[in-house]
There are 2 protein chains.
Amino acid sequence: MHMPYQFAHRMEAAPESFLDTLFAVSSDPSIISFAGGLPSAALIDVKGIAEAAAGVMAEDGKAALQYATCDGHLPLREWIADRYRRRLGLPARAEEIRIVNGSQQCLDLVAKIFCNPSDAVGMERPGYLGAVEAFSLYEPAIYGVPLAPEGGPEMEAFSRLLTEKSPVFFYGIPNFQNPSGTAYPEAVRKEAGTLCREAKVPFYEDDAFGELAFDGRARPPVKRWAGEFGIMSGSFSKTIAPGMRCGWLWAPEEIITTFDVAKQAADLHSNHLSQMILHRYLTTHDYDAHLTVVRSAYAKNCRLMSDLLDERLPACTHTRPGGGMFMTAALPEGVSSMDLFRAGLSQGVAVMPGRPFFADGGGDDCFRLNFSTAGEEEIKEGMARLARALASLVR
Amino acid sequence: MHMPYQFAHRMEAAPESFLDTLFAVSSDPSIISFAGGLPSAALIDVKGIAEAAAGVMAEDGKAALQYATCDGHLPLREWIADRYRRRLGLPARAEEIRIVNGSQQCLDLVAKIFCNPSDAVGMERPGYLGAVEAFSLYEPAIYGVPLAPEGGPEMEAFSRLLTEKSPVFFYGIPNFQNPSGTAYPEAVRKEAGTLCREAKVPFYEDDAFGELAFDGRARPPVKRWAGEFGIMSGSFSKTIAPGMRCGWLWAPEEIITTFDVAKQAADLHSNHLSQMILHRYLTTHDYDAHLTVVRSAYAKNCRLMSDLLDERLPACTHTRPGGGMFMTAALPEGVSSMDLFRAGLSQGVAVMPGRPFFADGGGDDCFRLNFSTAGEEEIKEGMARLARALASLVR
């Protein structure tokens, strides 16, 4: 094909993207999708957010619709800092917090400020594929540290990575990780944070799912031990609404100052209207009561899916998440996850193949299941279809 | 100072940012600011946008608040394509249009997909400082082509740049350029577009101000002649509301496909709620009538400022824009724009020094004035203060 344009070398480093393909699959009504990562539409508080939007427009419309500063809406940053203080007992301050267009933007900008081509970056294996996509465009050498079955990176490999490769940062999701749903045990958090602080390697802790612990309990973040080498990102996408693209970064001020240069260049500032709507929603509605509803719905879905895997697909051992939106299941010997993906589609069910989660190869022997999007009946029907798809492959 | 973090080399390439400093200046109520680039708050149609927001929430709230595709809200992209067809007579299609977080994001992502370190990038001299900030992080060699007094790059220098430096793209603002307010004459558009198409150099045409022509007339874009080497960006920030951070890119599909990889990695997709509000606003309110009001207000402000410059600061020759939000004035020999900036602040008025608009140095002999933010009385008082500030320097 005629290709008249010359693109930058970095674009060759981009992995083939699965996310948009998945979104397309999940818009086909005949397919029950466990492949994507959408929060339950039924649990989005449209009425509450509409009230907040109307209030912002009525009382503060001109400010909400005008240009704003790069750092983000100060009252929202103060709310976030306050929640870190109360919930995690950590001394967060609004000056250390920046609002971004969903926490995916942190992945892009943190890599942008830290990562030269060929620099080492560490991450979990399997790890979040959106992170692989974002990091890859800065052409790092990505090293995956295998996850232990009980959750968290295998500490011997983690420690060896820090000393042998001196990564510019390690990226991980300690709470209910994407794709496995596992969480770091507290001892692992302590050791990972301590090792990073000693090695002066930032631990970049993506906490998109911390508020979705089924038991509602706050786990201590790795940052508690990583100290000034702890960077955290958070998001309202899984708890309130992804369409407003509102996440944040919490990092020491010296990192924030450099981050601001990248954020300013990237898009001047985040959507001001959405920031004000979210802040108003958080301060006029009962966020904790809303979270209780979401947690209990996801816990129920997770248990149902887990039971159906045990019952209908007993050959697929799987993780047993304590929160979040995902679990990972292993495939019987000789069955590839791409085959299961295709067989699933022909049965009317979509799962997410494991490969894109393995930055340095592998992963064809497992797949990810999402339990937040579908309701109870869909999960029952979808798991029946999945059992038929697997049967068609092992027969 | 203790600096424990190692940042990527590209961060050293970042110019010192002025934009946020300026925003801070423009929030000080004792200072009349001609330094920033805010649209008039009085002209933002808060009531109309609030109606559109309420309508979206009532009829389509769940979709607006859920994850969406990377490409952007299809009805909005169709509206934009349709406007290109009707207004400019060009065959735009929704498939070639992508929604971004304000057109600043195009600057980041277009540079990201085209620009290796040390690659040549061409732009106007003076040119938009936000573009210099965005491009710099990809470490190009930026070459400025001087603007001719009648508007548009000097074509001999432009042509020489294409043949001698083979830039990965040329970035320009043909309509009411930032900072000068000048527009490319039609012959320059034709020649620039033709040269770019022949040399296979994309002409990246930032059209943030085209809808703000005081006479309402649509000028033919460079893309008309650049063809498949024409890339355009547009924005609702200057015409409707910047706080919703909604702009777009229009480019040939082969470029769009690569752009999507970068956009997906950067933040998954743009704010869905704002896209739906804007589309509803555009289709339920009279956008052209709104634009007529904005154009006539800015034309009046521009004339007033121009007359006061002639009358009170006759030593400062200046451009006479036919649209947009900015003009540039020259300083008398021996007066630097940084001195004027400081003298202005002590008199209670802010102007924008010329230097940041000159990617490759110079510019201390001119300054930029914004005429969209302040009202008539503020312009009168601010220009009196500016005359006193200049007098304090030449005395």
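Residues numbered from 1 in each chain as written. Chains lettered and ligands numbered in written order. Predicted model: local features only at pLDDT ≥ 70, side-chain atom pairs only at ≥ 80, totals over all residues. Heavy atoms only, no water.

Let's talk about the interface of chain B and chain A
Point 1. Taken residue by residue, the interface counts 79 residues in chain B and 79 residues in chain A.
Point 2. Interface area, chain B with chain A, both sides summed: about 6900 Å², of which 61% is carbon and sulfur.
Point 3. The interface formed by chain B and chain A holds two salt bridges in total.
Point 4. Between A:Lys112 and B:Asp108 there is a salt bridge, with the nearest N and O atoms lying 2.8 Å from each other.
Point 5. Counting every contact that joins chain B to chain A gives 34 residue pairs in polar contact (both at pLDDT 80 or more).
Point 6. Broken down by secondary-structure element, the contributors of at least two residues to the side of chain B that touches chain A are helix H1 (19-26), helix H2 (46-65), helix H4 (104-114), helix H5 (129-136), helix H9 (253-267) and helix H10 (272-284) of chain B.
Point 7. Here the side of chain B that touches chain A is built from residues that sort into 46 nonpolar, 22 polar and eleven charged. (Contact = heavy atoms within 4.5 Å. Buried area = accessible area lost by both parts, 1.4 Å probe. Salt bridge = Lys/Arg side-chain N within 4 Å of Asp/Glu carboxyl O. Polar contact = N/O pair within 3.5 Å; in protein donor to acceptor, adjacent residues only side chain to side chain. Helix = DSSP H or I, 4+ residues; strand = E, 2+ residues; numbered from the N terminus. Nonpolar A, V, L, I, M, F, W, Y, C, P; charged D, E, K, R; others polar.)

Examining the domain arrangement of chain A
Residue and element names in this part refer to chain A.
Point 1. Examined at the domain level, chain A breaks down into domain 1 (17-45 + 288-394) and domain 2 (60-284).
Point 2. Taking the mean C-alpha position of each, domain 1 and domain 2 sit 25 Å from one another.
Point 3. Each partner contributes residues to the interface: domain 1 has 34 residues there, and domain 2 has 32 residues.
Point 4. Across the domain 1/domain 2 interface, buried area totals approximately 2700 Å², and carbon plus sulfur atoms make up 62% of it.
Point 5. Linking domain 1 with domain 2 are three salt bridges.
Point 6. At the junction of domain 1 with domain 2, the criterion picks out 14 residue pairs in polar contact (both at pLDDT 80 or more).
Point 7. Residue contributions to the side of domain 1 that touches domain 2 peak at eight residues, all from helix H11 (residues 287-312).
Point 8. Looking at the side of domain 1 that touches domain 2 residue by residue, the class counts come to 19 nonpolar, ten polar and five charged. (Domains from an automatic or database assignment.)

Considerations on the sheet that holds strand E11 (residues 352-353) of chain A
Point 1. In spatial order, the strands read E9-E12-E11 (chain A); together these three strands make up an open sheet with antiparallel pairing. At either end of the open sheet lies a strand with only one pairing partner, and these are strand E9 (326-330) and E11 of chain A. (Pairing = 2+ DSSP bridges.)

Overview of the side chain of B:Arg10
Point 1. Topologically, B:Arg10 is positioned in the segment before H1.
Point 2. For the buried B:Arg10, which has no salt bridge, the nearest side chain bearing the opposite charge is B:Glu139, at an N-O separation of 4.7 Å.
Point 3. Polar side-chain contacts of B:Arg10 include one of 2.6 Å to the backbone oxygen of A:Lys112.
Point 4. In contact with B:Arg10, other than residues within four places in its own chain, are A:Ala111, A:Lys112, A:Cys115, A:Asn116, A:Tyr138, B:Leu137 and B:Glu139. (Buried < 20%, exposed > 50% of the residue type's maximum accessible area, 1.4 Å probe, protein only. Lys, Arg positive; Asp, Glu negative; His and termini not counted.)

Structural notes on the pattern of salt bridges
Point 1. Counted according to the given criterion, the structure contains 52 salt bridges over all chains.
Point 2. We note a salt bridge from A:Arg87 to A:Glu211, for which the minimum N-O separation is 3.2 Å. Of this pair, A:Arg87 sits in helix H3 (residues 74-88) while A:Glu211 sits in the loop between strand E6 (203-206) and helix H8 (223-226), and the two are 124 residues apart along the sequence.
Point 3. Residue B:Asp364 pairs with B:Arg355 through a salt bridge whose shortest N-O separation is 3.5 Å.
Point 4. A relative accessible area of 26% places B:Asp364 in the partly exposed class.
Point 5. What makes B:Arg355 partly exposed here is its relative accessible area of 42%.
Point 6. Among the charged side chains, a salt-bridge network with shared partners connects A:Arg83, A:Arg87, A:Glu211, A:Asp288 and A:Arg295.

Concerning H3(A)
Residue and element names in this part refer to chain A.
Point 1. Look at H3: 21 Å from first C-alpha to last across 15 residues, which is about the 21 Å you get at 1.5 Å a residue.
Point 2. Looking at H3, one finds that the buried residues are Leu76, Arg77, Trp79, Ile80, Ala81, Arg83, Tyr84 and Leu88.
Point 3. As for H3, its buried residues are in contact with strand E2 (97-100), strand E7 (230-235), strand E8 (247-250), helix H10 (272-284) and H11. (Expected span 1.5 Å × (residues − 1).)

Describing the pairing of strand E6 (residues 203-206) of chain B
Residues and elements named next belong to chain B.
Point 1. The side-chain alternation of E6 yields two buried faces, one formed by Phe203 and Glu205 and the other by Tyr204 and Asp206.
Point 2. Pairing of strand E5 (residues 170-172) with E6, which is carried by three bridges, proceeds in the parallel orientation. Bridge assignment links Phe170 to a residue of E6, and that residue is Phe203.
Point 3. With respect to chirality, the unit in which E5 leads through helix H7 (residues 186-199) into the neighbouring parallel E6 is right-handed.
Point 4. Relative to strand E7 (residues 230-235), E6 runs parallel, the two sharing four bridges. The residue bridging Glu205 from the neighbouring strand is Met232, located in E7. (Right-handed = clockwise from strand over helix to strand, strands pointing away.)

A few points about the sheet that holds strand E8 (residues 247-250) of chain B
Residues and elements named next belong to chain B.
Point 1. With respect to topology, seven strands assemble into an open sheet ordered E2-E8-E7-E6-E5-E3-E4, the strand pairing being mixed. Looking at which strands have only one partner, the edges of the open sheet turn out to be strand E2 (97-100) and strand E4 (141-146). Across the sheet, the mean angle from the axis of one strand to that of its neighbour is 20°, orientation sign disregarded.
Point 2. Set on the sheet, H5 makes contact with strand E3 (120-125), E4 and E5; between it and E3 the angle comes to about 170°.
Point 3. H9 rests against E2, E7 and E8 of the sheet, and its axis sits at about 20° to E2. (Axes fitted to C-alpha atoms, helices over the stretch in contact; angles between N-to-C directions.)

A word on the packing of helix H12 (residues 337-347) of chain B against helix H13 (residues 376-394) of chain B
All names here are of chain B.
Point 1. The contact between H12 and H13 brings their axes to 8 Å, and the two run at 125°. Our classification of the angle between H12 and H13 gives oblique. Pair H12 / H13 crosses with right-handed handedness. In contact with Asp339, Leu340, Ala343, Gly344 and Gln347 of H12, H13 contributes Arg385, Leu386, Arg388, Ala389, Leu390, Ser392 and Leu393.
Point 2. When grouped by side-chain class, the residues that make up the contact of H12 with H13 number six nonpolar, three polar and three charged. (Parallel < 35°, antiparallel > 145°, perpendicular 65-115°, else oblique. Left-handed = near helix turned anticlockwise from the far one by under 90°.)

A look at the relation of the copies chain B and chain A
Point 1. Note on the copies: chain B fits chain A at an RMSD of 0.0 Å, the axial shift is 0.0 Å, and the rotation between them is 180°. Taken together, these values place the two copies in the relation of a two-fold axis.
Point 2. Interface residue correspondence from chain B to chain A reaches 100%, placing this contact among same-surface, isologous pairings. (Least-squares fit on C-alpha atoms with pLDDT ≥ 70 in both.)

Observations concerning the environment of A:Ala131
All names here are of chain A.
Point 1. Within the element layout of this structure, Ala131 appears in helix H5 (residues 129-136).
Point 2. Between the C-alpha atoms of Ala131 and Lys380, which are 249 residues apart in sequence, the distance is 31 Å.
Point 3. Apart from residues no more than four positions distant in its own chain, Ala131 is found in contact with Leu107, Met123 and Tyr171.

Here we look at the pairing of E8(A)
Residues and elements named next belong to chain A.
Point 1. Of the two faces of E8, both are covered, the one formed by Gly247 and Leu249 as well as the one formed by Trp248 and Trp250.
Point 2. Where E2 meets E8, four bridges bridge the pair, whose relative direction is antiparallel. The residue of E8 that forms the bridge with Ile99 is Trp248.
Point 3. Looking at chain direction, E7 and E8 are connected through four bridges and run antiparallel. Residue pairing for E8: Ser233 is matched across the bridge by Leu249.

Looking at the side chain of B:Ser136
Point 1. Structurally, the position occupied by B:Ser136 is in helix H5.
Point 2. Those residues in contact with B:Ser136 that sit more than four places away from it in its chain are B:Ala13, B:Ala14, B:Pro15 and B:Ile142.

Concerning unusual backbone geometry
Point 1. Across the junction of A:Asn178 and A:Pro179, the peptide omega takes the value 20°, indicating a cis bond.
Point 2. Among the secondary structure elements, A:Pro179 is positioned in the loop between strand E5 (169-172) and helix H7 (186-199).
Point 3. The residue after B:Arg125, namely B:Pro126, is reached through a cis peptide bond having omega 5°.
Point 4. Inspection of the secondary structure assignment puts B:Pro126 in the loop between E3 and H5.
Point 5. Within the chain, A:Arg245 stands out as a residue other than glycine whose phi angle is a positive 45°.
Point 6. Summarising the element assignment, A:Arg245 is placed in the loop between E7 and E8.
Point 7. Given a relative accessible area of 4%, A:Arg245 falls into the buried group.

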